[in-house]
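Chains, contacts and geometry: an overview
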Amino acid sequence: AVSTPVTAPEPAAAPTTATEPATGNGAAPWRVRVAEAALTDAAIEFTDAARAQPVTHTIADLDVTLREVSTEPGARMPLEAGVRLGAGGDIRGAGTLAVLPDVVLDAEVKAADIALAQAQPYVSDIARVEIRGGTLSLDGHLGSDSREQLAFDGDLRILGLDTYDLGKEEKLLLLHVDLKRAD
């Protein structure tokens, strides 16, 4: 279900500096404001067809809510999102998102029990290794700004990473990692 209550945009003031975009006809640029845009309980299936062997991924229980949506440059819009990965794991986050003039994300994110085996098709492209098990969890801050595309600062946990060397036909690695953010 998609719910997007819309409020009528207010007339925008005329540009006050030469750095604001012109519309070509002397009119002020469009300004749009939406109180809330939400996508709830959605499911998506997509295929990575750029590979020699296409890989299909599914996500379910996709919920995204964006509040105070605005085309005003620098507007920070409260964001909440969550999803369940079809191959195992949940991702949840909350924070703010700006889209103009640059995309800027500032959010706290938690990912729990993401099945590492879903990376197998991509690992097979670079190594003769089979991922037989393991999960990834993380908890921290995810952000971006005009200087860096995406950065994560937080805790990371890999439990039970079990890999097998297909060339030597033997167990390669069994790993548990628990990295905590430095305070």
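First, a word on scope: everything that follows refers to the structure included in this document. (Residues numbered from 1 in each chain as written. Predicted model: local features only at pLDDT ≥ 70, side-chain atom pairs only at ≥ 80, totals over all residues. Heavy atoms only, no water.)

1. Structural notes on the pattern of salt bridges
Filter applied, for reference: Basic side-chain nitrogens of Lys or Arg form a salt bridge, by our definition, when they fall within 4 Å of a carboxyl oxygen of Asp or Glu. Elements are defined by DSSP. Helices are runs of H or I of four residues or more, strands are runs of E of two residues or more, and each kind is numbered from the N terminus. Any residue under 20% of the maximum accessible area for its type is buried, any over 50% is exposed, and the rest in between are partly exposed; the area is computed with a 1.4 Å probe on protein chains only.
By the definition in use, this model includes eleven salt bridges. Note that E72 is salt-bridged to R31, the shortest N-O span being 3.2 Å. Placement of the pair is E72 in the loop between strand 3 (55-70) and strand 4 (77-85) and R31 in the loop between strand 1 (2-3) and strand 2 (33-48), with a sequence separation of 41 residues. A relative accessible area of 16% means that R31 is categorised as buried. Close ionic contact of R33 with E72 constitutes a salt bridge, the shortest N to O distance being 3.8 Å.

2. Quick look at the environment of P101
For P101, the location among the structural elements is in the loop between strand 5 (90-98) and strand 6 (104-115). With 30 residues separating them in the primary sequence, P101 and T71 have C-alpha atoms 9.5 Å apart.

3. Notes on the packing of aromatic side chains
Two numbers describe a pair of aromatic rings. These are the distance of the centres and the angle of the planes. Here is the rule: Between 30 and 60 degrees the pair is tilted, below 30 it is stacked and above 60 it is edge-to-face, where a pair is any two Phe, Tyr or Trp rings, Trp via its six-membered ring, whose centres lie within 6.5 Å. In our convention, an over-ring charge means Lys NZ or Arg CZ found within 6 Å of a ring centre and within 35 degrees of that ring's normal.
Across all of its chains, the model carries zero aromatic pairs by this definition. Positioned over the ring face of Y122 is R51, at 4.7 Å from the centre of the ring.

4. With respect to the environment of W30
Here W30 shows up in the loop between strand 1 and strand 2. Spatially, the C-alpha atom of W30 lies 9.3 Å from that of E72, the residues being 42 residues apart in sequence.

5. A look at the nonpolar core
The cut-off we apply is this: Nine residue types can take part in a nonpolar core, namely buried Ala, Val, Leu, Ile, Met, Phe, Trp, Tyr and Cys, and a core is a set of them joined through side-chain atoms within 4.5 Å. A contact between two residues is defined here by any heavy atoms of the two lying within 4.5 Å.
Core analysis: the biggest nonpolar cluster contains twelve residues, these being A42, I59, L62, V83, L85, A111, I114, L116, I131, L136, I158 and L161. The set of elements that each furnish at least two residues to this core consists of strand 3, strand 4, strand 6, strand 7 (129-143) and strand 8 (151-165). Leave out the neighbours within four places in its chain, and I131 touches L116, A117, A119, Q120, V123, L161, D162 and T163. Residues V34, L66, V69 and M77 belong to the second largest nonpolar core, which totals eight residues.

6. What to know about unusual backbone geometry
Look at the link from L100 to P101: it is a cis peptide, with omega at 0°. A positive phi is found at E68, a non-glycine position, where the angle reads about 55°. Residue placement: E68 occurs in strand 3. Overall, the relative accessible area of 53% leaves E68 in the exposed class.

7. Some points on the environment of A111
Here A111 is to be found in strand 6. Spatially, the C-alpha atom of A111 lies 9.5 Å from that of V83, the residues being 28 residues apart in sequence. Apart from the residues within four sequence positions on either side, A111 is in contact with D90, I91, L136, S137 and L138.

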